[in-house]
Amino acid sequence: MYRPTRMLALYDTLRRRRVPFRPRGRTVTLYVCGVTPYDTTHLGHARTFLVFDVLIRHLEAGGLRVKYAQNVTDIDESILQRAADRGRDWRELGRDEERKFLQDMRALSWRRPDVMPHATREIDAMRALAERLERRGHAYRIPDGGLYYEVTTFPRYGRLSRFSPSKMRRVLAQQDDTRLDDSRKRSPLDFALWRRVADGPTWPSEYGPGRPGWHLECSAMSLRHLDQPLDVHGGGDDLIFPHHESEIAQSEGATGRPFARYWVHVAAMKLGGEKMSKSKGNMVFVRDALTRVSADGLRLYLLSKHYRKPFEHDEEEMRRWGAFAVQLREMALPRATAQLPREVKAALDDDLDTPRVLRLLRGYVRARDAESATVVARYLGLRLR
Ligand SMILES: [Zn+2]
């Protein structure tokens, strides 16, 4: 039985407060919503995945095993659109972009997930889940339109985001894929489990040839690869609504059991006051940043703000962390045997307070305490070479 000396506390989005993290056994399951591979990895992606990387390292150092799954949305309107714009095959585009994503993250010493399910290879599981939801009265068919989730059949819909129905409608109005929805839906908040489409790649189903809804993907894959309830479900905070809200409705609607025990969300990376995003085009790519700063420097920089706070990109600050990484590397010992300083563990146990850890780390460097500096840097996943 895992007995942490000090209890890890995490902020749980559903409960809106920090709660003690209590594992159920030796193995903790973690599901993080992954990328749609049609464009290059930007600092916002890297930050999100590195936060979970630190969480995993911290749990594993505490004697737990972590089973980590992260999906690849390799079929999506945005991939199809990009492939069409570039005159490329959508599968090939997705594979190339995924390879680049993995290269970028490997450069940052990211702990690769144990399972990386791909949407296109999990269609059976998605169809089965859709059918289950229909049998349980949560879904309805639209003739020639597909299968939709009826949100009013799930009274807890909205509990994660705490959005009012009108706010939900405003958010949905800005989403690409909801524009493809059938206007015959019973409520504007109902979402597609299966969308019947005429062109592009389609898969056969009871509801006609079409494509699965994006939310369905994560419910089906997490259930298949990790079981329910998940210990930790994570992702960027822009996924809270509609994506995670809808995942809960699907997963709990289908199984009658709780979906996830802890919801952990990472705030956005910003540039020029706006969220870094493909649609705005205000992105800094990992591979470009790595021409100006080392991987260790970038890792430190991305962990230098608390994960729940939005992070405004600052080139100067990034370079300062790069300089600090050089200092660390010069000081690092080939072998450090010290225990992790208690104050560092306490900071991480305190809802992953990495800015506090980095302040402590700077203190060890100033004090020429090479032993502690090395141990803490390695704990955070730095390579020090
Ligand atoms: Zn997801």
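Note that the coordinates shown come from a computational prediction; the quantities given were computed from them, not determined experimentally. (Residues numbered from 1 in each chain as written. Predicted model: local features only at pLDDT ≥ 70, side-chain atom pairs only at ≥ 80, totals over all residues. Heavy atoms only, no water.)

Asks: Can you tell me about the sheet that holds strand E11 (residues 269–271), naming the residues and giving the values?
Replies: The strand order across the open sheet built from 3 strands is E12-E11-E13, with neighbouring strands paired in mixed fashion. One side of each edge strand has no neighbouring strand; the edge strands of this open sheet are strand E12 (274–275) and strand E13 (311–312). In this sheet, E12 lies alongside E11 in antiparallel orientation, the contact comprising 2 bridges. Bridging across to E12, Leu271 finds its partner in Glu274. (Pairing = 2+ DSSP bridges. Helix = DSSP H or I, 4+ residues; strand = E, 2+ residues; numbered from the N terminus.)

Asks: Quick rundown of the domain arrangement of the protein chain? Include the residues and the values.
Replies: Under the domain assignment used here, the protein chain contains domain 1 (21–271) and domain 2 (293–307 + 314–379). Placing a centre on the C-alpha atoms of domain 1 and another on those of domain 2 gives a separation of 33 Å. The contact between domain 1 and domain 2 buries some 1600 Å² in all, and 67% of this surface belongs to carbon and sulfur atoms. The salt bridge partner of Arg299 is Asp53, with a shortest N-O separation of 2.9 Å. Linking domain 1 to domain 2 there are 7 residue pairs in polar contact (both at pLDDT 80 or more). Those elements giving two or more residues to the side of domain 1 that touches domain 2 turn out to be helix H1 (43–61) and strand E10 (260–266). (Domains from an automatic or database assignment. Buried area = accessible area lost by both parts, 1.4 Å probe. Salt bridge = Lys/Arg side-chain N within 4 Å of Asp/Glu carboxyl O. Polar contact = N/O pair within 3.5 Å; in protein donor to acceptor, adjacent residues only side chain to side chain.)

Asks: I'd like a description of the coordination of the zinc ion, backed by residues and values.
Replies: Distances from the zinc ion to its protein donors, Cys33 (SG), Cys218 (SG), His243 (NE2) and Glu247 (OE), fall within 2.0 to 2.8 Å. For the zinc ion, the 4 donor atoms in the first shell make angles of 68 to 130 degrees at the metal, so the coordination geometry reads as irregular. Motif for the zinc ion, donor spacing along one chain: C-x184-C-x24-H-x3-E. Taken together, the positions of Cys33 in the loop between strand E3 (27–32) and H1 and Glu247 in helix H7 (residues 240–255) put the pair 214 residues apart, joining distant regions of the chain. (Donors = N, O, S within 2.8 Å, 3.2 Å for Na, K, Ca; no water. Tetrahedral: all angles 85-135°; square planar, octahedral: opposite > 155°, others 65-115°.)

Asks: Outline the packing of aromatic side chains, listing residues and values.
Replies: Tallying each qualifying case throughout the model produces 14 aromatic pairs. On the basis of an interplanar angle of 85 degrees and a centroid distance of 6.3 Å, the ring pair of Tyr68 and Trp110 is categorised as edge-to-face. Taken together, the residues Tyr68 in strand E4 (residues 65–70) and Trp110 in the loop between helix H3 (90–107) and helix H4 (123–135) connect sequence positions 42 residues apart. Each ring, one from Tyr157 and one from Phe191, has its centre 6.2 Å from the other, and the planes form 25 degrees; the classification is stacked. (Phe/Tyr/Trp six-rings, centres within 6.5 Å; stacked < 30°, edge-to-face > 60°.)

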